[in-house]
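One letter stands for each residue in the lines below.
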Amino acid sequence: ITAESESLLLFSIRNQHINEIIIPSLDKGTWVLCDRYIDASIAYQGYGRGINLDSIYQLIEITECPTPSLTIILDIDVETGFKRKAADTKDRIESAGHEFFEKVRAGYLEMAKDHDYIKVVDADDDPEVIHQKIISLIEEINHD
């Protein structure tokens, strides 16, 4: 399976998830929390795997993915991230290596410069400080 066809499959599945779960929940006024969404697709598929970003943005538009109110990037340098996960069993994505994750991280940081709804939190900070930063970010959008 090629990266491009995998990306199409991912968006097909995401489209179903959006139409059956996300949009009906948002229509009811319910908060929706996703651990992976369109920004992850852009970072992993576009920046990490080199799939044309315009193609990914077209898929986002075609599938009518709602723009998040907030995306929080828990940022940490790749080497530290790998050290933290050293004892874990790695899946296919996690086995992609340092270079791949450097590209993904750079993509996330680039997107954060371009989109106000994307916020970067230093994941190398004390866990309580990270927690408070996340709470503050959520409170900011909750007051809007």
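Refer to the structure above for everything that follows.
Predicted model only: the values in this text are computed from it and were never measured.

Criteria and cut-off values
Starting from 1, residues in each chain are numbered consecutively following that chain's sequence as written. Given that this is a predicted model, residues contribute local features only at a pLDDT of at least 70 and side-chain atom pairs are listed and counted only at 80 or more, while totals for whole chains, interfaces and linings are drawn from all residues. Based on all heavy atoms of the structure, the side-chain values leave hydrogens and waters out of the count. The helix and strand labels rest on DSSP assignments: H or I over at least four residues marks a helix, E over at least two residues marks a strand, and numbering proceeds from the N terminus. Only protein chains enter the area calculation, which uses a 1.4 Å probe; residues under 20% of their type maximum are buried, those over 50% are exposed, and those in between are partly exposed. Throughout, a contact is declared for two residues whenever any of their heavy atoms are within 4.5 Å. Under the convention used throughout, the expected extent of a helix is 1.5 Å for every residue step, that is, one less than its residue count. Polar contact is the term for a pair of N or O atoms within 3.5 Å; when the atoms are in protein, one must be able to donate a hydrogen and the other to accept it, and sequence-neighboring residues count only if both atoms are side-chain atoms. Stacked, edge-to-face and tilted are the three classes for Phe, Tyr and Trp ring pairs, Trp counted by its six-membered ring, which pair at centre distances within 6.5 Å; planes under 30 degrees apart are stacked, over 60 edge-to-face, the rest tilted. Here an axis means a line fitted to C-alpha atoms, over the contact stretch when the element is a helix, while the angle between two N-to-C directions is reported on a 0 to 180 degree scale. Orientation is classified from the angle alone, with under 35 degrees giving roughly parallel, over 145 giving roughly antiparallel, 65 to 115 giving roughly perpendicular, and any other angle giving oblique. Handedness of a helix crossing follows the sense of rotation of the near helix relative to the far helix, less than a right angle counterclockwise being left-handed and clockwise being right-handed. Residues are grouped as follows: nonpolar covers Ala, Val, Leu, Ile, Met, Phe, Trp, Tyr, Cys and Pro; charged covers Asp, Glu, Lys and Arg; every other residue, Gly included, is treated as polar. When a carboxyl oxygen of Asp or Glu lies within 4 Å of a side-chain nitrogen of Lys or Arg, that pair is called a salt bridge.

Student: Help me understand the environment of Lys-119 in this model?
Tutor: With respect to the secondary-structure elements, Lys-119 resides in strand S2 (residues 118-122). By relative accessible area, which is 29% here, Lys-119 ends up partly exposed. Put simply, Lys-119 and Leu-109 are 10 residues apart on the chain and 9.2 Å apart in space, counted from C-alpha to C-alpha. When residues no more than four places from it in sequence are discounted, the contact partners of Lys-119 are Leu-70, Thr-71, Ile-72, Ile-73 and Leu-137.

Student: I keep staring at helix H6 (residues 127-143) and nothing clicks. Help me out?
Tutor: Since the α-helix turns once every 3.6 residues, residues separated by three or four places project in the same direction. Its 17 residues place the ends of H6 24 Å apart at the C-alpha level, agreeing with the 24 Å of an ideal helix rising 1.5 Å per residue. At the N-terminal boundary of H6, the capping side chain belongs to Asp-126, with an oxygen 3.0 Å from the backbone nitrogen of Glu-128.

Student: Would you explain the environment of His-131 in this entry?
Tutor: In this fold, His-131 is placed in helix H6. In this structure His-131 comes out as partly exposed when scored by relative accessible area, which is 39%. Linking His-131 and Val-121, residues 10 residues apart in sequence, is a C-alpha distance of 9.7 Å.

Student: Can you help me understand the packing of aromatic side chains in this one?
Tutor: One pass over the structure, following the stated rule, counts 5 aromatic pairs. Taking 6.3 Å as the distance between ring centres and 80° as the angle between the ring planes, the aromatic pair formed by Tyr-44 and Tyr-108 counts as edge-to-face. Of the two residues, Tyr-44 is situated in helix H2 (residues 38-48) and Tyr-108 in helix H5 (residues 98-114); the sequence distance between them amounts to 64 residues. What makes Tyr-44 buried here is its relative accessible area of 14%. Note on Phe-100 and Phe-101: the rings are 5.1 Å apart at their centroids and 85° apart in plane angle, and the pair reads as edge-to-face. For the residue pair Phe-100 and Phe-101, the accessibility class agrees, reading buried in each case. Three or more aromatic residues link up through ring pairs in this structure, and these residues are Tyr-44, Phe-82, Phe-100, Phe-101 and Tyr-108.

Student: Just checking my understanding: could you explain the packing of H2 against H5 for this structure?
Tutor: The angle between the axes and the distance between the axes are what describe a pair of packed helices. Closest axis-to-axis distance for the H2/H5 pair is 8 Å, and the angle between their directions is 130°. Relative to H5, the element H2 lies oblique. For the pair H2 and H5, the sense of crossing is right-handed. The segment H2 lies against H5, with Asp-39, Ala-40, Ile-42, Ala-43, Tyr-44, Tyr-47 and Gly-48 engaging Phe-100, Phe-101, Lys-103, Val-104, Gly-107, Tyr-108, Glu-110 and Met-111. In terms of residue class, the contact of H2 with H5 is built from 10 nonpolar, 2 polar and 3 charged.

Student: I tried to follow the pattern of salt bridges on my own but got confused; where do I start?
Tutor: A side chain with one charge can pair with a side chain of the opposite charge if their charged atoms come near. Scanning all chains against the criterion turns up 5 salt bridges. With its nearest N and O atoms 2.6 Å apart, the salt bridge here joins Arg-105 to Asp-75. In this pair, Arg-105 sits in helix H5 while Asp-75 sits in strand S1 (residues 71-75), placing the two residues 30 residues apart along the sequence. The class for Arg-105 is partly exposed, based on a relative accessible area of 25%. Exposure remark for Asp-75: the relative accessible area of 14% places this residue in the buried category. Residue Arg-84 is joined to Asp-124 by a salt bridge in which the shortest nitrogen-to-oxygen separation is 3.3 Å. Note that Arg-84 is positioned in helix H4 (residues 78-84) and Asp-124 in the loop between S2 and H6, a separation of 40 residues in sequence. Residue classification places Asp-124 among the partly exposed residues on the basis of a relative accessible area of 47%.

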